[in-house]
Amino acid sequence: TPVSAAATVAPMEEVTAMEEVAAVEEVAALPDTPGPADTNGCVELVRNGEFEMDGVSGTERRVPDWAVTAGVGLERAVLHPTRSGSQSLRVGQAETTEVSSLSGAEQRIKLPDNYARILLTFDYVLLSENPDGPTNRQSADVFYMETGHLERRVLNESSDEAEWLLKEEDLTALSGQPVRLRLSVADDVAGTVMYVDNV
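Each chain has its residues counted from 1, running along the sequence as written. Only residues with pLDDT of 70 or above have their local features reported here, since the model is predicted, and side-chain atom pairs are shown and tallied only from 80 upward, although totals for entire chains, interfaces and linings are computed over all residues. Only hydrogens and water are set aside when side-chain values are computed; all heavy atoms of the structure are taken into account.

(A) Fine view of the overall build of the protein. Note on conventions: DSSP H or I runs of at least 4 residues are helices, E runs of at least 2 residues are strands, and numbering of each starts at the N terminus. Assigned secondary structure in the protein consists of one helix and twelve strands. Secondary structure of the protein in N-to-C order comes out as β-α-β-β-β-β-β-β-β-β-β-β-β. Residue exposure (1.4 Å probe, protein chains only): buried if accessible area is under 20% of the type maximum, exposed if over 50%, otherwise partly exposed. For the protein, buried positions account for 48% of its 199 residues. In the protein, the share of contacts with a sequence separation of at least 24, taken over all contacts with a separation of at least 6, comes to 75%. Where accessible areas are quoted, they stem from the Shrake-Rupley method and a 1.4 Å probe; at the residue level, only the protein chains shown are allowed to cover. Approximately 9400 Å² of the protein is accessible, and the part contributed by carbon and sulfur atoms is 49%. For this analysis, residues touch if any pair of their heavy atoms sits within 4.5 Å.

(B) Highlighting the sheet that holds strand β6 (residues 101-110). Here a strand pair is declared whenever DSSP counts at least two bridges between the two strands. Here we have five strands laid out as an open sheet, ordered β3-β6-β11-β8-β9, and antiparallel in their pairing. With partners counted over all chains shown, the strands left at the sheet margins are β3 (67-68) and β9 (150-157), one partner each. In this sheet, β6 lies alongside β3 in antiparallel orientation, the contact comprising two bridges. Bridged to Ala67 within β6 is Glu106.

(C) Main features of unusual backbone geometry. Backbone geometry at Asp65 places phi at a positive 75°, although glycine is not the residue there. Among the structural elements, Asp65 can be located in the loop between β2 (42-44) and β3. A positive phi angle is found at Ala162, which is not glycine, with a value near 60°. For Ala162, the location among the structural elements is in the loop between β9 and β10 (165-170). Since its relative accessible area comes to 33%, Ala162 is described here as partly exposed.

(D) View of the nonpolar core. Joining through side-chain atoms within 4.5 Å is the link that ties buried Ala, Val, Leu, Ile, Met, Phe, Trp, Tyr and Cys residues into a set, and such a set is a nonpolar core. Trp66, Leu89, Phe122, Leu183 and Val199 are the most contacted members of the largest nonpolar core, which has 32 residues in total. The leading source of residues in this core is strand β7 (residues 117-127), at five residues. Ignoring anything within four residues of it in the chain, the contact list for Leu183 reads Trp66, Leu89, Val91, Ser103, Gly104, Ala105, Ser139, Ala140, Met194 and Val196. Among the nonpolar cores identified, the runner-up in size contains five residues, and Val125, Trp164, Val193 and Tyr195 belong to it.

(E) Structural view of the pairing of strand β8 (residues 137-144). For β8, a buried count of six out of eight residues is recorded, marking the element as mostly surrounded by other parts of the structure. Bridging between β8 and strand β11 (residues 178-187) involves eight bridges; their strand directions are antiparallel. For Arg137, the partnering residue across the bridge sits in β11 and is Ala186. Connecting β8 to the next strand, β9, in antiparallel fashion are five residues, including Gly148 with a positive phi near 80°.

(F) Representation of the side chain of Asp123 within the structure. Here Asp123 lies in strand β7. Residue contacts for Asp123: discarding those within four places in its chain leaves Arg83, Trp164, Leu165, Leu166, Tyr195, Val196, Asp197 and Asn198.

(G) Fine view of the packing of aromatic side chains. Note on aromatic contacts: the rings of Phe and Tyr and the six-membered ring of Trp form a pair at centre separations within 6.5 Å, being stacked when their planes are under 30 degrees apart, edge-to-face when over 60 apart, and tilted otherwise. All told, the structure shown has two aromatic pairs when counted by the stated rule. Relative to Trp66, the ring of Phe51 has its centre 5.3 Å away and its plane inclined at 40°; by these criteria the two rings are tilted. Of this pair, Phe51 sits in the loop between β2 and β3 while Trp66 sits in the loop between β2 and β3, and the two are 15 residues apart along the sequence. Between Phe122 and Tyr124 the ring centres are 5.7 Å apart and the planes differ by 55°, which places this aromatic pair in the tilted class. A residue is classified by how much of its surface remains accessible, and Phe122, at 1% relative accessible area, is buried.

Spelled out as structure tokens, the structure:
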């Protein structure tokens, strides 16, 4: 039985019941095993989780396979280099602004029900000019696709770690579920961002 290297899925906004049904149908159409197993027996379930594919600049496809809001983009030359490859994902405003914002990137999949283990992993860097601010948050959340309810909060911090860290979350209990992963940053004009790589 193969082991899943990562499961990425996400909601960024509340949707109507009709939109939710359409999203579930789209997720259900995805293959349970989109790629071959690697040398460790792992099958990658996340599409463009290393953020090496470029989209069309100025459109919603600027981060292929990820639905994104304003304040989200691919970064080549960041203060903290990418964890691997040539690009990482930046969530949050690149510069301090006078406007509060909520930025997010999401992807959805139907987790397979025939894997021994499903593991969500990603590398991340947290930066904030005001890490003690009560409304500055760097988050990663897993939601049920069918109901839109939060299943678990994988990451919920307000930090200025300034170094690459690894997050691992076992999602095996969600086998067979259509889920979404949301990577988000709430910024109250403090210049709060999160860099993510290798999802």
